[in-house]
Each structure stands twice: as C-alpha cells, then as structure tokens.
Amino acid sequence: MRIVVCMKQGIDPKTVKISRSREELDLREARPQTQPEDKHALEAALRIREARGGEVVAVVVGSRSAEDTAREAVAMGADKAVWIVYKGQRSGKTMTALVKAAVERLGGADLVLAGQGGDLDTAGPLAGRLAAALGWPLIADALRFDVEPAGLYAVAAFEGKATRLPVVLPAVAEVIPGAERPRYPHPSRIAVAWNDGYVETWNAAEMGLEEEALAADAEMGGLVLGAERQRGQVIGGSPEQAAEELAGILRGKRLL
Amino acid sequence: MGFDLSDLQALMGGSFEEPTGESGGVWVVSPDGLIDDAMLRLIGKGRVVADALGGYVYLLAGCNGAGADTEGAIRAGADKVLTAGGMPTVNELADFFRERQPQAVLLPRNRLGKALGPGLAQTLGGSLCPYAADLAVDPIYQRIVAHQPILDDAARMQVILLAAPAVAVMETALLPAAFNEPWRQGEVGDTQLMWSEPPSHEMVDRPARPITLKTSPVVVVAGQGLTDDAGFAAAMELADALGGVVAGDVTALDMGWIGEESLVGLTGETIGPELVIALGVDGDTSFMMGVAEAGCLVAAQADAGAPIVPFADYNVVGDPAEFARAFAKAARG
Amino acid sequence: MDFTLPKHLQLFKEMLKEFAETEVRPKAKKMDAEGWPDPDVVRKLGENGLLGIPFPTKYGGGGLGEMGYCLLMETMGGVCTSTATLIGAHIGIGVMALYLGGTEEQKKKYMPDLCNGRKIAAFCLTEPGAGSDAAGIKTRAIKDGNSWVITGNKIYITNGPIADVFTVLAVTDPALGARGGVTAFIVEKGMPGVSVGTVEHKMGIRGSATSEMIFDEVVVPSANVLGQVGAGFVTFMATLDTGRLGLGAACLGGAEAALESMCKYAAGRQQFGKPIAEKQAIQWMIADTASEVEALRSMVYRTAWMVDTNQPYTKEAGICKLFGSEVAARAINRAVQVHGALGYTRDFWIERAWRDARIAEIFEGTNEIQRIVIAEQMLRPYGVRVRP
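For every chain, the first residue of the written sequence is number 1, and numbering continues from 1 onward in sequence order. Note on labels: chains are lettered from A, ligands numbered from 1, in written order. Residue-level local features of this predicted model are given only where pLDDT is at least 70; pairs of side-chain atoms are given and counted only at 80 or more, and the full residue set underlies all totals for whole chains, interfaces and linings. Water and hydrogen atoms play no part in the side-chain values, which are based on all heavy atoms of the structure.

## Side note on the overall build of chain A
Part 1 of the argument: Helix and strand counts for chain A stand at 7 helices and 15 strands.
Part 2 of the argument: Dimensions of chain A along its principal axes, counting C-alpha atoms only, are 65 × 45 × 40 Å.
Part 3 of the argument: Residues classed as buried in chain A amount to 51% of the 256 residues present.
Part 4 of the argument: A fraction of 71% describes how many contacts in chain A between residues 6 or more apart in sequence connect residues 24 or more apart.
Part 5 of the argument: Element-wise, carbon and sulfur atoms account for 46% of the exposed surface of chain A, whose accessible area totals about 10900 Å².
Part 6 of the argument: Across chain A, the centroid of the 32 positively charged side chains sits 3 Å from that of the 36 negatively charged ones. Put simply, DSSP H or I for four residues or longer makes a helix, DSSP E for two residues or longer makes a strand, and each gets a number counted from the N terminus. The buried label applies to any residue whose accessible area, calculated with a 1.4 Å probe on protein chains only, is under 20% of its type's maximum; exposed applies above 50%, and partly exposed to all values in between. Should any heavy atoms of two residues lie within 4.5 Å, those residues are counted as being in contact. Only the protein chains shown count as covering a residue, and every accessible area follows the Shrake-Rupley method with a 1.4 Å probe. Neither His nor the chain ends is counted toward charge; the positive residues are Lys and Arg and the negative residues Asp and Glu. One atom stands in for each charge, and that atom is NZ of Lys, CZ of Arg, CG of Asp or CD of Glu.

Set out below in structure tokens:
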C-alpha cells in the first residue's frame, strides 16, 4: 500500500506582523515552517503504515527552502519524499496539477492524504481538489484511521460528533487534528534525512506539465485592514445591559 | 481615441446587456436545501456582487428546498430560486453548472460547502477561495475579489479569482445582516433534477482532543474580586456557557478554587487564547504578562482605576460575579 | 568559516524546543518540589531517542555527535536544569565512559538499551575521601578467578537511585596508583551487593536524584572490566572532558533563558509610569549578560566542533565549564534582581534556576580544578608542571 501525503512549507504566523502604515505583511522576520496542519496528515499516514505495512511518500511543492520540509517529513518517518521544485505562484490549481502528476509518476497511490489549509495558506486545502482531479472519492474531516481485518475505516468529524466509514481505495482524505499530536522527528532519522537517497527532486517539465496546466487560478492582491485594536474601552450600564452589549460585540468578532 | 462599449461598461461598473436565461450570474448553493439566516446573508452578498457585475442571483437548493424560506430568499436578494431533489455530489453539481457558466458560485463554509467547493472549482476549471469573509468586484477589470482572513482575522488578504466560475466558500458569520426588501420580486422553479441521496452515517463518539488551559480558545480567569465560593461558581458557569476552561490568578490558587496547573500568569501558564474573560482580577504584572498574547481580553472588576483597565480590550466596572451570571445568560442567547 | 548550524541540526534544535516546552517544562516545578525525576519525562526522553544523542546509530544512538549533544543540553538547561543534569550524568559521563573505554561486545550489549532509555546509567567516581582528588579512591576490586569482587562506597552519585547500569572506578593494584592501578567496571543494579545508600537533599537540581551507592562484595565477571585492567583512570578522565563541555552547554541554556526572561519582564513591568527596561541600570544588566552569553555560545559550539573533528579539546572543555558556570550564575543572579520580589518567590522559576545554577561551579570538577586543568594546558609548553 502506498500512501502519499501532501505537505507544504508555510510561514510561521508568529513571525509575521502586519504593517498598518504600508498596508502589507511585514515579512522581515518571517520564518518558514512545515505547515503544522500537514503534520497531522503525515502522522495519520505513519500510523496506517505501522498497522498494515506499506510505504509513505511525502510530496512537497516549493522553491529552495521547501526542501527542508521534505527532509523533515523523512525525519518524522516518511520512507521517502518527493520535492517538486516550483518557483512560480503556488495557487490551489497549480499545486493540484503538480501533486496529481507526482502521484502518477510514482506509479499511483492507494491513499492520498492532505491537511487543512494553514493560516497564511492562500492555496487552501488540497484534498477536495485532488479528489476531483484524480476522480477518487473524498473523505472529509478525517480524524483517525482504523486498520481492521475487514479493511480500512476512517473516523471523520461530522456535525459535532464523528462518523465511521469504510475507505474504498483509492481515495483522498483531508486529515484534521485528531486526539493524537504528530510525533517528533526522531534524532536517528534527523541524522540521515539530509543524506542521499531519501528525497527525490523533480520538476514540472520532467512530469510533462506545461505552462498552461500550471497557470494560477487566483492571485494575491493587497491587504484589507480592519480597525486597529483599541484597548481600555469601558462598557457602562447595569450588569445585564453590559452583558448584552458585550455579547453583541463579541459575536460580531466571532468570539462567541 | 475613444471609448468602446466594453470600456464604458467597465467604468460604469455594470453591463448594459439585460441578463437572460439561466446562464452567467451569481449562484448561491444550499446543498441541503436549508435557508437559514446564514444563507440569507450569503444571498445578500451574492446580490451585491451580481449588481456590480450586472447579473442575476440564483439560489440553488437541494433536498427539494426542504425547509426553504423561498419568500425570504427573494426578499434577501435572489432573483430566482431553483430546487432539486437530494444532495449533490461534486460531479452532479459540476454537471449542472457546466452549461450555465456561472460567473460566481457561493457556498456557505459548513461541512457540505467545504466538501463541495474545492472539487467544484477544480472540475469546472474555475478559481477558488476556500475561506472568504467578503467578496468585492474590482471596478476596472470586473474580476471577483475574495477577502480571505489571515492571522486570526487580524487582516484580510485579497484573493483575485481569475478564472470563471469564481467559487467562494464563505464564512457566513462574518457577513453583514441579510437584506429584507419586500419590494423584490423573483420566481421559484424546479430543476427536475434528482441528486444522490445523502449516505447514511454510522455515528461514533468523536475522539476527544484534550482541552487544556493551553489549547482552549476561551479562558475564564477567576480572581480575588469574586470574593467567595458563590462568585467562583459564577465563573465556572460562565466558562461552561462559553465552552471554555476556568483558570485563576494567585488568589484563586490560595482560595483552593483552582490547582496549580490552572494558574495564569508568569508564575503559572502563559496563555494566548482567542478570548480571556478576567473576573475580579485587578491585573498585576505577572498576570498581565501571562495573558499578553490573548486575542481579546475582557475584564470585569470593581475598581475603575485598576491597572488592568487600560490593558483590557473591554472593561465592565462592577461586581464581577453578578456580571458573570448575566453574561453567561447573554452568551447562551 | 561558516557559523550556521547544518540543516539537520537546525531541525533537531526545533524538535528539542518543542519537546522541552511540551514534555518537560510543565513538569519542572513539580520535580523540584518533590525532589525526584518524573518517570514520564525520563520515558519520553528515551522513546524520542534523546538519551543516546551523540553516539553512533549502530549502538542505538542518535548519531548527532557532540554538537547534537550540546544542543540537547543547551535546550534542557534553559527549561529544567534537573533534567539536563539527569541527561548529563547519563549520556555525558555514564554511557560516555562505556563508549570511550568499552570493548565492542560491551558497547553492543549495553548501549542500545541505554540509548533508548530502557536503562539509565550512572557514573561512580566520587568517594568520601576522593572528589577532586580522583586518584585517592578507596573502593577496591580484588580478582577472584574469572571475576572481580568490588567493595566500597561512592557518594553524590547523580542518577544513583534510578540507574540500572553503573560505571564504577575501583583500585585493582594499590601499588601502581592512578596510573595503571585503577580499573573501571560495569556494574548492574541487580547484582547482589549493590544498594542505594543515603539519598541527598540538595539545594538545587532537586529534580535529579543523587545518592550514595554501596558496593558490598559485588561479584562482577571479568567480561565487565571496562576496556583494559588498569586503564580506568585514563578512561574516566577522558570521559570527564566531554562531560564538562555538556555542562557548559547546559549553562549556556540557563543563561539564555535568564536573559530572555529579563528582557521580557523588563519590557512589561511598569514603574514610575514606564517600563523598567527604559532604565539604564536594567539595560546594563541586560547588555552585560548578552555579551557573556554570546561569548559562551561561540565557545561551546566551537568546542563541540573540535570534538566532532577529533581535535584535542581538554583545555577548551575546561574553559567551557569554568566560564559557562560563572556566566550562568551571574546571568541568573541578575535575572533575580530584574524580576524583583517576583524573582525571589518560590512561585516563579527564576528562584529555582538560581538555586540550580550554583552546583555548576562545583560538580564535574570544581572551578578550581578547571583552572588547574587550563593552566596545565597553557604552561606545559613552557616546561611548567601544574599539579593540584
């Protein structure tokens, strides 16, 4: 069984500030990181492999620093990683075309896992697009997979509870954070992850993809800024009035 | 040098052509046929976009429009309400839209919308914003621009949707209130389509992700001003109503209300949840540095001159326990 | 010259930070209060491969070399000095003695379990009459056929109460003294005659377990002689060199944490209507600490590089330990001052770190001994013999 995990390198949101004067993101101290959402997908894949064997391949699309994410996937336990060097804009459509081509070049897969989109990730979650592109069923909001003699089952979030459904392979699943946290990279894997033989470097031309197939479906414009945070506001009135007013304010901010 | 008609159209922000038939336009999709307030707001946003583009707003409702307030949908801005049986799969929805060539398809950002949106955009060769808080139309090029919240909605990134249809999965809670315009007219029709029956689900308990002081999005902090056990009970009631956890300052620890693992401040845990409600906490350095990363801090305590007042986003000056009880009630709605 | 960490060590550093924040920091206060290591922390350290970092993977280690070990000690030293001490006694001296002095069979037999944390190691050198004067040990090992009988008491043994494998230094030939008459042995917990004596009540590093170890006519097979008979003193002294470097790295972490907390608190604490960080008195404490921390970091990383490239490093390791322990003590002392009364309360970690820091000037060779080691290395080319 081959499980492909789509992983992205994003930016650690804690290292990004908003420049209100320039109305743009201040990325001077930004640090790249493997998107935490994608580590949950890798963890799910590794657990399936541990229960029923097979191979876990991480597919990472990106420019130079994205190699680190491919290596990190190997350090966490992926058998190997494919790093697709792509310097252009990585819209959802572009990423889907590249990952689909990689799955085909790998000789197919039984299961493709992807995480939710990250905070600054404008390409968005890839699972739904990949399922449509590959023509495979989509399992949304998967929290966990159970390997049983009868086959593979997914436990997926469903309206506040969860539902258990058999996985008909091949399939694509979007993994959301479940009860278990992704494992730490293991030192003995960290030690070898940068050695030869773990990461294959591919590019779009090698996979037979042309410019048109990779054209972005969306591009980024400027920022729209809300009101600046204003501290120290006092809400008057009786406790009941203050409670009502505050509840209204917090609902507007989607905090309730 | 002169204007041709299309330049003029672009400058006027609209089309001179009368929309006809069911092609083009802005489509709002309710896969399960439900038309609640969230859907009405989404229709309203569709209306604004359609007016800028010069087109119709269609509402497509699954499950034969079961529970669909079609009148409300028309008052909220829909020109035409179409119903279909069952719930669509990605392919069924794509087949429906293929000939109609919509300019935009709007889905609510719920379970169904999130599952359908990306696949629909992919299948139709359109463009996608998977998480949109707002939509606008760029007046020069008439392109649809989605506003995607970033950094916990500290700002929104403009995502220019280049290919038609522009599929936007929209966070309806962030949209303005729905229109209610009784003079609007519209028609109701049936597509005669029968989509798939929704699959039955074997429900199981959701594997619990432990909610701790560090991971909870809402934290209620109990402090000295709650004075007694009844006051602390009000804090617990509020935490329950908000679906958050209760924590405390050093006084709460000394009173035995909380354990050491629930202590907030430099001497305990440094936390950064979306919302902190501090009850009866006047705000020493240790506490304030412990919650400095919080997205929003609400403080309720008796002293208008306490150090926490200028630091908190919102203050209620008065008895914190009384406020906590009133707020729990207000939050439960 | 390139001062950037290799990519894999950058990833390791990130992993360490996340591990320490998630698994160790929440337990640090409790370990200090209870005066005992948390078994969960020890288990997770082992499961995640952190108890064998510098050793080759063929012995079950992490294969990350001395540089990896120093990053581990630096991270732990900034979060929980007790855990850093536990790791230092295990990896830095306990297992290190086996690795440096053991035969291939001994390494294959013991190291995998030790590197995975299924077993914990302790290094037994100090005795009531022998600490800095390592050659003055009284523990005797007498040959009896194909085995040795060990008798003696070792004191202040870090990890003593929780260890499964002990590397023990004993006199095998009193006539030869330190040079040839002292042998190291591998002793296991289950062997008859091995027992834990008095458990120490310490001022700091209370979350590490320290005790007396009693060896009462313990029969040890000849196969458990660590390396060669008579080579024990040399093995133990070589072991202490790397131990000192690891301790310097832990001091670096402690000093960095103190510095970071000073900056953060000074920026947040308001007095006279503005943050105390705007006062020059505070700024100078921060600037002095930052300068010392920067020097210490360069020193520790460079010495680790010397170890990994097989250069002699006795002097440098001594300097790391001497300078590191003093920098850490000064940094944490200033941090207490900047945090004011908060820094003096038991509720806040600064007070614990202040108590923890003091031991670094004492153990793994007192700072006085380090000065002798350094002076000896400096003066030997001039024909001067430096002796305690």
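## A word on the side chain of T94 of chain A
All names here are of chain A.
Part 1 of the argument: On the secondary structure map, T94 appears in helix α3 (residues 92-105).
Part 2 of the argument: For T94, a relative accessible area of 1% corresponds to the buried category.
Part 3 of the argument: A distance of 2.8 Å separates a polar atom in the side chain of T94 from a polar atom in the side chain of S91. Distance and chemistry together define a polar contact, namely a pair of N or O atoms within 3.5 Å, with one atom able to donate a hydrogen and the other to accept it when in protein, and with adjacent residues in sequence counting only for side-chain atoms on both sides.

## Quick look at the nonpolar core
Part 1 of the argument: To qualify as a nonpolar core, a set must consist of buried Ala, Val, Leu, Ile, Met, Phe, Trp, Tyr and Cys residues joined through side-chain atoms within 4.5 Å. Counting residues in hydrophobic clusters, the biggest one holds 154 residues, and the most contacted among them are L113 and F145 of chain A together with F12 and V187 of chain C.
Part 2 of the argument: Per element, the largest residue contribution to this core is 13 residues, and it comes from helix α6 (residues 232-268) of chain C.
Part 3 of the argument: Not counting the four nearest positions on each side in its chain, F12 of chain C is found in contact with P187 and I190 of chain A together with L50, I53, L64, G68, L71 and L72 of chain C.
Part 4 of the argument: Listed in part, the 40 residues of the second largest apolar core include V16 of chain A together with A50, I74 and A146 of chain B.

## Overview of the packing of aromatic side chains
All names here are of chain B.
Part 1 of the argument: Only the six-membered ring of Trp is used, alongside the rings of Phe and Tyr, when aromatic pairs are assigned; centres must lie within 6.5 Å, and planes under 30 degrees apart are stacked while those over 60 apart are edge-to-face, with the rest tilted. In the structure shown here, the tally under the stated rule is 15 aromatic pairs over all chains.
Part 2 of the argument: Ring centres 5.2 Å apart and planes at 15 degrees place the aromatic pair F232 and W257 in the stacked group. Taken together, the residues span a long stretch of sequence, with F232 in helix α6 (residues 229-242) and W257 in the loop between α7 (250-254) and β14 (275-279) at a distance of 25 residues. Accessibility assignment for this pair places F232 and W257 in one class, buried.

## Topic: the domain arrangement of chain B
Many authors give the size of an interface as the accessible area that is lost as the parts come together.
Part 1 of the argument: The start and end points of each domain follow an automatic or database-based domain assignment. Domain annotation of chain B identifies domain 1 (15-194) and domain 2 (218-328).
Part 2 of the argument: Taken over C-alpha atoms, the centre of domain 1 of chain B sits 42 Å from the centre of domain 2 of chain B.

## Observations regarding the confidence of the model for chain B
Part 1 of the argument: Put simply, chain B has an average pLDDT of 89, and 93% of its residues get 70 or more.
Part 2 of the argument: Each residue carries a pLDDT score, the predictor's own confidence in it, on a scale running from 0 to 100. The low-confidence segment residues 13-19 of chain B (pLDDT under 50) makes 13 contacts with residues lying over four places distant or belonging to another chain.

## Overview of helix α10 (residues 367-379) of chain C
Residue and element names in this part refer to chain C.
Part 1 of the argument: The terminal C-alpha atoms of α10 lie 18 Å apart, and with 13 residues this matches the ideal 18 Å at 1.5 Å per residue to within 8%.
Part 2 of the argument: Buried residues of α10: N367, I369, Q370, V373, I374 and E376, and no others.
Part 3 of the argument: Structurally, α10 contributes buried residues whose contacts are with α6 and α8 (314-344). Expected helix span is computed as 1.5 Å times (number of residues minus one).

## Things to note about the packing of helix α3 (residues 65-79) of chain C against helix α4 (residues 81-101) of chain C
All names here are of chain C.
Part 1 of the argument: Note on definitions: angles span 0 to 180 degrees between N-to-C directions of axes, and those axes are lines fitted to C-alpha atoms, for helices only across the stretch in contact. Packing of α3 against α4 brings their axes to within 7 Å, and their N-to-C directions diverge by 155 degrees. As judged from the angle between their axes, α3 and α4 are roughly antiparallel. Every residue of α4 that contacts α3 at E66, Y69, L72, M73, M76, G77 and V79 is listed here: T81, T83, A84, I87, G88, I91, G92 and M96.
Part 2 of the argument: Only Asp, Glu, Lys and Arg are considered charged in this grouping, and only Ala, Val, Leu, Ile, Met, Phe, Trp, Tyr, Cys and Pro are considered nonpolar; every other residue, Gly among them, is considered polar. Class assignment of the residues belonging to the contact of α3 with α4 gives a composition of 9 nonpolar, 5 polar and 1 charged. Angular relationships are summarised with four words: roughly parallel below 35 degrees, roughly antiparallel beyond 145, roughly perpendicular across 65 to 115, and oblique for the angles in between.

## Some thoughts on the environment of L240 of chain C
Residue and element names in this part refer to chain C.
Part 1 of the argument: With respect to the helices and strands, L240 occurs in helix α6.
Part 2 of the argument: Spatially, the C-alpha atoms of L240 and T345 are 35 Å apart, while their sequence positions differ by 105 residues.
Part 3 of the argument: The contacts of L240, once residues within four sequence positions are left out, are I93, F123, L125 and E364.

## Quick notes on the interface of chain A and chain B
Part 1 of the argument: Taken together, the 65 residues of chain A in the interface contact 67 residues of chain B.
Part 2 of the argument: By definition, the buried area sums, over both parts, the 1.4 Å-probe accessible area that each loses when the two are put together. A combined buried area of about 5700 Å² lies between chain A and chain B, and 60% of that area is made up of carbon and sulfur atoms.
Part 3 of the argument: A carboxyl oxygen of Asp or Glu within 4 Å of a side-chain nitrogen of Lys or Arg is what we treat as a salt bridge. Along the contact surface separating chain A from chain B lie 3 salt bridges.
Part 4 of the argument: Two residues, D313 of chain B and R229 of chain A, come together in a salt bridge whose shortest N-O distance is 2.7 Å.
Part 5 of the argument: Our count for the contact surface shared by chain A and chain B stands at 24 residue pairs in polar contact (both at pLDDT 80 or more).
Part 6 of the argument: Breaking the side of chain A that touches chain B down by element, the ones donating at least two residues are α3, α4 (127-134), β9 (138-148), β10 (151-158), β11 (161-166), β14 (218-225), β15 (233-234) and α7 (239-252) of chain A.
Part 7 of the argument: Broken down by element, the side of chain A that touches chain B gets its largest block of residues, 10 residues, from α7 of chain A.
Part 8 of the argument: Taken together, the residues that form the side of chain A that touches chain B break down as 34 nonpolar, 13 polar and 18 charged.
Part 9 of the argument: Any two strands are treated as partners once DSSP identifies two or more bridges connecting them. By the bridge criterion, 2 bridges tie β15 of chain A to strand β16 (residues 314-317) of chain B in an arrangement that is parallel. Looking across to β16 of chain B, one finds that V234 of chain A is bridged to N315 of chain B.

## Here we look at the sheet that holds β14 of chain A
Part 1 of the argument: Within the open sheet, the 4 strands sit side by side as β14(A)-β8(B)-β7(B)-β6(B). Their pairing is antiparallel. Each having just a single partner strand, β14 of chain A together with β6 (134-137) of chain B make up the two edges of the open sheet. This sheet shows a mean twist of 30 degrees between the axes of neighbouring strands, independent of strand direction.
Part 2 of the argument: In the sheet, strand β7 (residues 144-150) of chain B pairs with strand β8 (residues 155-161) of chain B via 7 bridges, with the strands oriented antiparallel.

## Description of the interface of chain A and chain C
Part 1 of the argument: The interface of chain A with chain C comprises 13 residues on the first partner and 20 residues on the second.
Part 2 of the argument: Of the roughly 1400 Å² buried between chain A and chain C, counting both surfaces, carbon and sulfur atoms make up 64%.
Part 3 of the argument: Three residues stand out in chain A for area buried against chain C, namely Y184, P187 and I190 of chain A, and they jointly supply 43% of the buried area on that side.
Part 4 of the argument: There are 3 salt bridges connecting chain A and chain C.
Part 5 of the argument: The shortest N-O distance in the salt bridge between R181 of chain A and E18 of chain C comes to 2.5 Å.
Part 6 of the argument: In this assembly, chain A and chain C are joined by 4 residue pairs in polar contact (both at pLDDT 80 or more).
Part 7 of the argument: The set of elements that each furnish at least two residues to the side of chain A that touches chain C consists of α2 (66-76) and α5 (187-193) of chain A.
Part 8 of the argument: Residues that form the side of chain A that touches chain C fall into these classes: 7 nonpolar, 2 polar and 4 charged.

## Observations concerning the sheet that holds strand β5 (residues 127-132) of chain B
Residue and element names in this part refer to chain B.
Part 1 of the argument: Taken in spatial order, the 7 strands of this open sheet run β5-β9-β4-β1-β2-β3-β10, and their pairing is parallel. Each edge of the open sheet is held by one strand with a lone partner, namely β5 and β10 (187-194). Across the sheet, the axes of successive neighbouring strands diverge by a mean angle of 20 degrees, strand direction being ignored.
Part 2 of the argument: Relative to β10, strand β3 (residues 80-85) runs parallel, the two sharing 5 bridges.

## Side note on the state of the cysteines
Part 1 of the argument: The disulfide definition used here is simple: a pair of cysteine sulfur atoms within 2.5 Å. Across all of its chains, the model carries 0 disulfides over all chains by this definition.
Part 2 of the argument: Lacking any disulfide linkage, C80 of chain C is separated from the closest cysteine sulfur, that of C251 of chain C, by 14 Å.

## Quick notes on the environment of R206 of chain B
Part 1 of the argument: Its place among the elements puts R206 of chain B in the loop between β11 (202-204) and β12 (218-222).
Part 2 of the argument: Since its relative accessible area comes to 37%, R206 of chain B is described here as partly exposed.
Part 3 of the argument: As for R206 of chain B and L238 of chain B, which are separated by 32 residues in sequence, their C-alpha atoms are 24 Å apart.
Part 4 of the argument: Non-local contacts of R206 of chain B, meaning those with residues more than four positions away in its chain, are made with L143, A157, G160, K161, A162 and I176 of chain A.

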